[in-house]
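Inside the fold
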Amino acid sequence: MSGIAVALKKHRALSIGLLAWLVGIVFFLPIAWMALTSFHSEADAATNPPSFAASLTLDGYREFFGAGGGASPWPALINSAVASVFSTAFVLLLALPAAYALSIRRVRKWTDVLFFFLSTKMLPVVAGLLPIYLFAKNTGMLDNIWYLVILYTSMNLPIAVWMMQSFLAEVPVAVIEAAQIDGARLPTVLTRVVAPIALPGIAATALICFIFSWNELLFARVLTGVVAETAPVFLTGFITSQGLFLAKVCAASLVVSLPVLAAGFAAQDKLVQGLSLGAVK
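Here's a quick rundown of the structure. Counting restarts for each chain: residues are numbered from 1 in the order of the written sequence. Selection of residues for local features in this predicted model requires a pLDDT of at least 70, selection of side-chain atom pairs for listing and counting requires 80 or more, and totals for whole chains, interfaces and linings are taken over all residues. Where side-chain values are given, they derive from all heavy atoms of the structure, hydrogens and water being excluded.

Examining the overall build of the protein chain
A helix here means a DSSP run of H or I that spans at least four residues, while a strand means a run of E at least two residues long, and both kinds are numbered starting from the N terminus. Of regular secondary structure, the protein chain possesses 14 helices and two strands. C-alpha atoms define the radius of gyration, and 2.2 Å times the number of residues to the power 0.38 defines the globule rule. For the protein chain, whose C-alpha radius of gyration is 24 Å, the value lies well above the compact-globule estimate of 19 Å for 281 residues. Among the 281 residues that make up the protein chain, the fraction classed as buried is 34%. Contacts between residues were defined by any pair of non-hydrogen atoms, one from each residue, lying within 4.5 Å. Sequence-distant contacts in the protein chain: of pairs separated by 6 or more residues, those separated by 24 or more amount to 76%. Burial classes follow relative accessibility: with a 1.4 Å probe on protein chains only, a residue under 20% of its type's maximum area counts as buried, one over 50% as exposed, and anything between as partly exposed.

What to know about the pattern of salt bridges
Salt bridge, as applied in this entry: a Lys or Arg side-chain nitrogen positioned within 4 Å of an Asp or Glu carboxyl oxygen. Applying the stated rule across the entire model yields one salt bridge. The salt bridge partner of Asp59 is Arg62, with a shortest N-O separation of 2.8 Å. Residue Asp59 and its partner Arg62 are both found in helix H3 (residues 59-64); the two are separated by three residues, about one turn of the helix. The exposure class assigned to Asp59 is partly exposed, which follows from its relative accessible area of 37%.

Focus on the packing of aromatic side chains
Here a Phe, Tyr or Trp ring, Trp counted by its six-membered ring, pairs with any other such ring whose centre lies within 6.5 Å, and the pair is stacked when the planes are under 30 degrees apart, edge-to-face when over 60, and tilted otherwise. According to the stated counting rule, one finds eight aromatic pairs in the structure shown. Measuring from centroid to centroid gives 6.4 Å for Phe86 and Phe90, while their planes differ by 55 degrees, and the two rings are tilted. One end of the pair is Phe86 and the other is Phe90, both in helix H4 (residues 74-103) and four residues apart, which spans about a single turn. On the basis of relative accessibility, which here comes to 37%, the residue Phe86 falls in the partly exposed class. Overall, the relative accessible area of 36% leaves Phe90 in the partly exposed class. Clustering of aromatic rings is evident, with ring pairs tying together Phe64, Phe65, Trp74 and Phe234.

Let's talk about helix H10 (residues 199-215)
With 17 residues, H10 should cover 24 Å at 1.5 Å per step; its first-to-last C-alpha distance of 24 Å lies within 8% of that length. Of all the positions in H10, only Pro200, Gly201, Ile202, Ala204, Thr205, Ala206, Leu207, Cys209, Phe210, Ser213 and Trp214 are classed as buried. In this scheme, a helix's expected span is set at 1.5 Å multiplied by one less than its residue total.

With respect to the environment of Ala136
As for its position among the elements, Ala136 is in helix H6 (residues 129-138). Look at Ala136 and you get buried, because its relative accessible area is 0%. Once the C-alpha coordinates of Ala136 and Leu223 are considered, the two residues, 87 residues apart in sequence, prove to be 7.7 Å apart. Residues within four places of Ala136 in sequence aside, it is in contact with Met141, Leu142, Tyr147 and Leu223.

Section: the packing of helix H7 (residues 145-168) against H10
H10 packs onto H7 with a crossing angle of 155 degrees between their chain directions and a minimal axis gap of 10 Å. Relative to H10, the element H7 lies roughly antiparallel. Our pair here, H7 against H10, has a crossing hand that is right-handed. Along the contact surface, H7 presents Tyr152, Asn156, Ala160, Met163, Met164 and Phe167, while H10 presents Gly201, Ile202, Ala204, Thr205, Ile208, Cys209, Phe212 and Ser213. Ten residue types, Ala, Val, Leu, Ile, Met, Phe, Trp, Tyr, Cys and Pro, are classed as nonpolar, four, Asp, Glu, Lys and Arg, as charged, and the remainder, Gly among them, as polar. For the contact of H7 with H10, a count of residues per class yields ten nonpolar, four polar and no charged. Axis definition: a line fit to C-alpha positions, over the contact stretch in the case of helices; interaxial angles, taken between N-to-C directions, run 0 to 180 degrees. For this classification, under 35 degrees means roughly parallel, over 145 means roughly antiparallel, 65 to 115 means roughly perpendicular, and everything else is oblique. If you view the pair so one helix is near and one far, a crossing is left-handed when the near helix is turned anticlockwise from the far one by less than a right angle, and right-handed when it is turned clockwise.

Observations concerning the nonpolar core
The nonpolar core is taken to be a set of buried Ala, Val, Leu, Ile, Met, Phe, Trp, Tyr and Cys residues, with the residues joined through side-chain atoms within 4.5 Å. Leu96, Tyr100, Ile104, Met164, Leu168, Ile176 and Val194 are the most contacted members of the largest nonpolar core, which totals 25 residues. Contributing elements (two or more residues each) for this core: H4, helix H5 (110-119), H7, helix H8 (173-181), helix H9 (186-197) and H10. Element by element, the count of residues in this core is highest for H4, at six residues. Counting 15 residues, the second-largest nonpolar core is a separate cluster that includes Leu129, Val149, Leu151 and Phe219.

In short, geometric facts, not functional conclusions.
The following block contains the structure:
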């Protein structure tokens, strides 16, 4: 019976592994198809059914980077980088002490505070669009990249506090108390004791906030024009009344997605450690 049980266990593990590979391939296929289409000409990209053996070309990327006389994507990419990086940095600076107060040195009714933070994400985004637009208009902040930085910081802060609270709850209190006995003040405790221990969780939080900021489209579309235009807004400009340039759009989508993919690949070990922090005691 033990041999049968072992065989069944191996068969189950093999089935789960094959299923995981199948799901991964299904999710990867659209990205692979987008990448392949970006190297086709517009005529080959528009064929139905699609041609897998079509000749490859870099025309889509040349047009995206303005070789055909179009607008340059670099200002939009730089704006997205500025908005995403600075908002993520501000979120971490604000979320770390807030999570510390909710997990290690817990304030009164900390669970209610956490629920309040999370409840701010329940409001439909479009419901806050008009007041945010009117505020930007009346203060002269329309088409200003720093207004997006402030907006993205406030949008990502609740989820960052919620995530980091669970990560910091795993930090041993004895280590913090030992540092305080040695005379360490709160800033020193946060930067030299808590942050290194919770680094995987902080990295996971930073990556998620960066992705949310980089991919945000609705507010960037409404609140920016030319000066503060972000990469997602620039990408929508390829869909015009004259038609959809599929190869060019795929090339642009791949280029715009590369920073997120690169950040995820570079921080994948920290992301896995952070998301699984506390799962195994």
